[in-house]
2 protein chains.
Amino acid sequence: MRTRGSQCWRGKFQGGGYRFTKPRELILGVLAKSKKHLSAEDIFFSVHKIYSNIGLTTVYRNLELLVDMGTVSKFNFGDGKANYELSESESGAEHHHHLVCQKCQKVIDYADFMDAEKEFLSKIEKGLSKKYKFQIQDHIIHFYGICGQCQSK
Amino acid sequence: MRTRGSQCWRGKFQGGGYRFTKPRELILGVLAKSKKHLSAEDIFFSVHKIYSNIGLTTVYRNLELLVDMGTVSKFNFGDGKANYELSESESGAEHHHHLVCQKCQKVIDYADFMDAEKEFLSKIEKGLSKKYKFQIQDHIIHFYGICGQCQSK
DNA sequence: CTCCTTATTGATAATGATTGTCATTATCAA
DNA sequence: TTGATAATGACAATCATTATCAATAAGGAG
């Protein structure tokens, strides 16, 4: 279940006719360690510390590729920049969703009530994909509101 | 329940110490007629047809205000631009969510299974807001996948 | 109705995130 | 080891959005 070590990633790339390069290894390494959504720039800076040759363009290019490969998930929380994280199937991370504070833009991950969610999704996914002929691959649930800190101001 | 006519909107603005201006009237008019998520540029062009003085900056400024007032909802579907629509409480529109095609970026609204959703939300909202001290105001559910047209290509 | 304060506007420039270009470099199959 | 070409990085370009600022207009006071 666990995908460990860069050799495993090598195969993913080569299987798709892609090459396994230093930037790709390091970008995935950063994502794997962080386990929380990072912006392209965050990733750029992290990689830059250990590989100062890296270009921001390369980070964007590879994130796009990784999203296409299904290895990485891309989110938009409404602050103008995209965030990326290893997709759950890759990271073994818990399935989770987000609470987005509309004052300070903070994002809280939560992974509670997944039993209730599973029950809910099982009820509707089939119906939706039939009615709209839409092949569902993924879903997100975002709650918007005010976080504790912002409430007490 | 129905909020009809621009005089009703006038009050909303004036109540908040804002003025009721032509651009604001027209922007709301476009949103009210369209009933589907429009980008700032979409709105700009629509208003421009009947009021060619309008500036794109003004559209952005007023959309921001309207979002703050809770009159308009802002979405990010991941295509780089934000989309706006009258919030449900204003438009009387059905509560709905979105199916986002990852190939062609098309967005399908759906309003099915709302009973199941209500049941699900009632189970988890209270728990979430307690556990994370997060005051929930709104939520979105997006399903990502491939739409019918793109499947048959 | 007129005046006056000031919220609002629109043109413009500026920003910030992301994408395109292209010559150079490096991967990996043969 | 070598060669075809995928991938890179520097740079310029684009796209959405935001800041600036002088000119305009909404609406309350008189």
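Remember, it's a predicted structure, so these values are computed and weren't measured experimentally.

What to know about the pattern of salt bridges
Right, on to step 1. Enumeration over the complete set of coordinates arrives at 8 salt bridges over all chains.
Right, on to step 2. Linking A:K12 and A:E90 is a salt bridge whose minimum nitrogen-to-oxygen distance equals 2.9 Å. One end of the pair, A:K12, is in helix α1 (residues 6–15); the other, A:E90, is in helix α5 (residues 88–91), and 78 residues separate them in sequence.
Right, on to step 3. Residue B:K131 is joined to A:D112 by a salt bridge in which the shortest nitrogen-to-oxygen separation is 2.5 Å.

Side note on the sheet that holds strand β2 (residues 72–76) of chain A
Residues and elements named next belong to chain A.
Right, on to step 1. Taken in spatial order, the 3 strands of this open sheet run β1-β3-β2, and their pairing is antiparallel. Bordering the open sheet on either side are β1 (38–39) and β2, each of which pairs with just one other strand.
Right, on to step 2. One ladder, built from 2 bridges, connects β1 with strand β3 (residues 82–86); its direction is antiparallel. Counted as the bridge partner of L38 is Y84 from β3.
Right, on to step 3. Its contacts with the sheet put helix α2 (residues 22–34) on β1, β2 and β3, and the angle it makes with β3 is roughly 85 degrees.

Regarding the sheet that holds strand β3 (residues 82–86) of chain B
Residue and element names in this part refer to chain B.
Right, on to step 1. Within the open sheet, the 3 strands sit side by side as β1-β3-β2. Their pairing is antiparallel. With one partner strand each, in any of the chains shown, β1 (38–39) and β2 (72–76) form the two edges of the open sheet.
Right, on to step 2. The sheet contact formed by β2 and β3 spans 5 bridges and is antiparallel. Its bridge partner being in β3, S73 is matched across the sheet by E85.

A closer look at the domain arrangement of chain A
All names here are of chain A.
Right, on to step 1. Taken as a whole, chain A is organised into domain 1 (1–90) and domain 2 (94–153).
Right, on to step 2. Centre-to-centre, using C-alpha coordinates, domain 1 lies 23 Å away from domain 2.
Right, on to step 3. Taken residue by residue, the interface counts 8 residues in domain 1 and 11 residues in domain 2.
Right, on to step 4. At the boundary of domain 1 with domain 2, total buried surface from both sides reaches about 750 Å², with 57% on carbon and sulfur atoms.
Right, on to step 5. Counting every contact that joins domain 1 to domain 2 gives 0 salt bridges.

Notes on the packing of helix α3 (residues 40–50) of chain A against helix α4 (residues 56–69) of chain A
All names here are of chain A.
Right, on to step 1. Contact pair α3 / α4: the axes reach a minimum separation of 9 Å and the direction vectors enclose 120 degrees. On the basis of the axis angle, α3 is oblique to α4. Classified by chirality, the crossing of α4 by α3 is right-handed. Each of A40, E41, I43 and F44 in α3 lies in contact with α4, whose residues at this interface are L56, V59, Y60 and L63.

Re the interface of chain A and chain B
Right, on to step 1. If you look at the interface, chain A gives 41 residues, while chain B gives 41 residues.
Right, on to step 2. Of the roughly 3,600 Å² buried between chain A and chain B, counting both surfaces, carbon and sulfur atoms make up 67%.
Right, on to step 3. A:E119 serves as the salt-bridge partner of B:K123, at 3.4 Å between the closest nitrogen and oxygen.
Right, on to step 4. Between the two partners, chain A and chain B, sit 18 residue pairs in polar contact (both at pLDDT 80 or more).
Right, on to step 5. At the level of secondary structure, the elements contributing two or more residues to the side of chain A that touches chain B comprise β4 (97–101), β5 (107–110), α6 (114–131), β6 (135–146) and α7 (148–151) of chain A.
Right, on to step 6. Of the residues assigned to the side of chain A that touches chain B, the class counts are 21 nonpolar, 11 polar and 9 charged.
Right, on to step 7. Across 11 bridges, the pairing between β6(A) and strand β6 (residues 135–146) of chain B is antiparallel. Bridged to A:D138 within β6(B) is B:Y144.

Parameters at a glance
Residues numbered from 1 in each chain as written. Chains lettered and ligands numbered in written order. Predicted model: local features only at pLDDT ≥ 70, side-chain atom pairs only at ≥ 80, totals over all residues. Heavy atoms only, no water. Salt bridge = Lys/Arg side-chain N within 4 Å of Asp/Glu carboxyl O. Helix = DSSP H or I, 4+ residues; strand = E, 2+ residues; numbered from the N terminus. Pairing = 2+ DSSP bridges. Contact = heavy atoms within 4.5 Å. Axes fitted to C-alpha atoms, helices over the stretch in contact; angles between N-to-C directions. Domains from an automatic or database assignment. Buried area = accessible area lost by both parts, 1.4 Å probe. Parallel < 35°, antiparallel > 145°, perpendicular 65-115°, else oblique. Left-handed = near helix turned anticlockwise from the far one by under 90°. Polar contact = N/O pair within 3.5 Å; in protein donor to acceptor, adjacent residues only side chain to side chain. Nonpolar A, V, L, I, M, F, W, Y, C, P; charged D, E, K, R; others polar.

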